[in-house]
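# A structural walkthrough
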Amino acid sequence: MHQLRKDPVSGRWVIVDLENPRLDFPAQAKIKSSKVCPFCPGNEAMTPPEILTYPKKGLTGRSEWQLRVFPNKFPALKIEEVPDKTAEGLYDRVGGFGAHEVIVENPDHQRELADLSDEEAELVVRAYRDRCRDLRKDTRIKYILLFKNYGREAGASMEHPHSQLIALPIVPSRVQGEIKGADKHSQCTERCLFCDMLKQEEKKPKLLVCSKDGFAAMEPFAARFPFETWIMPTKHASSFDSLSDAQLKPLACMLKEVLSRLKRALGDPSYNFMIHTLPLTDKESESFHWHIEIIPHLTRVAGFELGSGFYLNPTPPELAAERLRNLI
């Protein structure tokens, strides 16, 4: 039996296979390159100058870094451009203004986020937050998307562990859709939809993976992809960069935990994760709740999904949550 499910946040529809659920997927080939890695220590001259550097604990010096942030050498958008809006008949366009940065998460070519110590992972999350806070000062920027591509199937072109940040002069339509869906729920209930999702899982856990120290991980009810997992704060917050220093390590530990469980359950799959937060121009919202969406690449999007906007998910989210929850 298949079941149509409507995502309460975005309003999109998903078809979930309940009759022949799939929990096992083939192993994926990893990116291997014989070229010199520009992200490794000693090769700093191969990248643009740093915007931010965290030194290794107890050590100083440019080559003894734990984390580096620098502009992408081949940026999608440039801070030097002007965000002028123009129109040509029906067609609107904006100058290629923005920012595109690379966050090299650690010096080791092979150690991914799930392999780092709690303190090392905390520095990654701190860099995410601090770069958002710094870019927020530029009033031309409307939205900042933090994301990570891991593995060939997820679009990664470099093997060395890294994340990226793109600052935009417009708010992405996908984020606008989530905000609209959350607002609609709030207008009817005077509550946050995301908070309601978490409270429902507290009463009767079906989609919850784990919850600890102010953060929870769960499978969305209408997951688009097998083992799609969301992380969010258990206390309402609409802007990612509102994270306090005390929240950085618990979030880093939760992100590490979820990535580790996905790795053990699925054989180290390629994945993307992205942080959805409130636009910089919006005031704090009682209806929208920032969150991280983690999407393993286990199936392919094809003609039906592209043509209809529906997604076909062969893995019921309840079964995915149960499998991840039982991995201690």
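Since we're looking at a predicted model, the values are computed, not measured.

## Thoughts on helix H6 (residues 317-325)
Pro 317, Ala 320, Ala 321 and Leu 324 are the residues of H6 that are buried. Buried residues along H6 cover an arc of 100° about the axis, so they all sit on one side. Next to the buried residues of H6 lie strand S1 (2-6), strand S2 (13-17), strand S10 (208-212), strand S12 (229-233) and helix H4 (245-266).

## Topic: the sheet that holds S10
The strands that make up a sheet are held in pairs by hydrogen bonds between backbone atoms, and each pair lies either parallel or antiparallel. Strand order in the open sheet formed by 10 strands is S3-S4-S7-S9-S8-S13-S14-S12-S11-S10, with antiparallel pairing between adjacent strands. Here the strands that pair on one side only, and so sit at the sheet edges, are strand S3 (52-55) and S10. In this sheet, adjacent strand axes meet at a mean angle of 15° when their direction is disregarded. Judged from the five bridges that link them, strand S8 (residues 143-150) and strand S13 (residues 271-276) form a sheet pairing that is antiparallel. Bridge pairing in S13 links Leu 146 to Ile 275.

## What to know about the environment of Glu 105
Along the chain, Glu 105 falls in the loop between strand S7 (99-104) and helix H1 (118-135). In sequence terms Glu 105 and Asp 282 are 177 residues apart; their C-alpha atoms lie 29 Å from each other. With residues up to four places along the chain from it excluded, the contact list for Glu 105 reads Gln 66, Leu 67, Glu 112, Leu 113, Leu 116, Val 124, Tyr 128, Lys 148, Pro 161, His 162 and Ser 163.

The rules behind each value
- Residues numbered from 1 in each chain as written.
- Predicted model: local features only at pLDDT ≥ 70, side-chain atom pairs only at ≥ 80, totals over all residues.
- Heavy atoms only, no water.
- Buried < 20%, exposed > 50% of the residue type's maximum accessible area, 1.4 Å probe, protein only.
- Helix = DSSP H or I, 4+ residues; strand = E, 2+ residues; numbered from the N terminus.
- Arc of directions from axis to C-beta.
- Contact = heavy atoms within 4.5 Å.
- Pairing = 2+ DSSP bridges.
- Axes fitted to C-alpha atoms, helices over the stretch in contact; angles between N-to-C directions.

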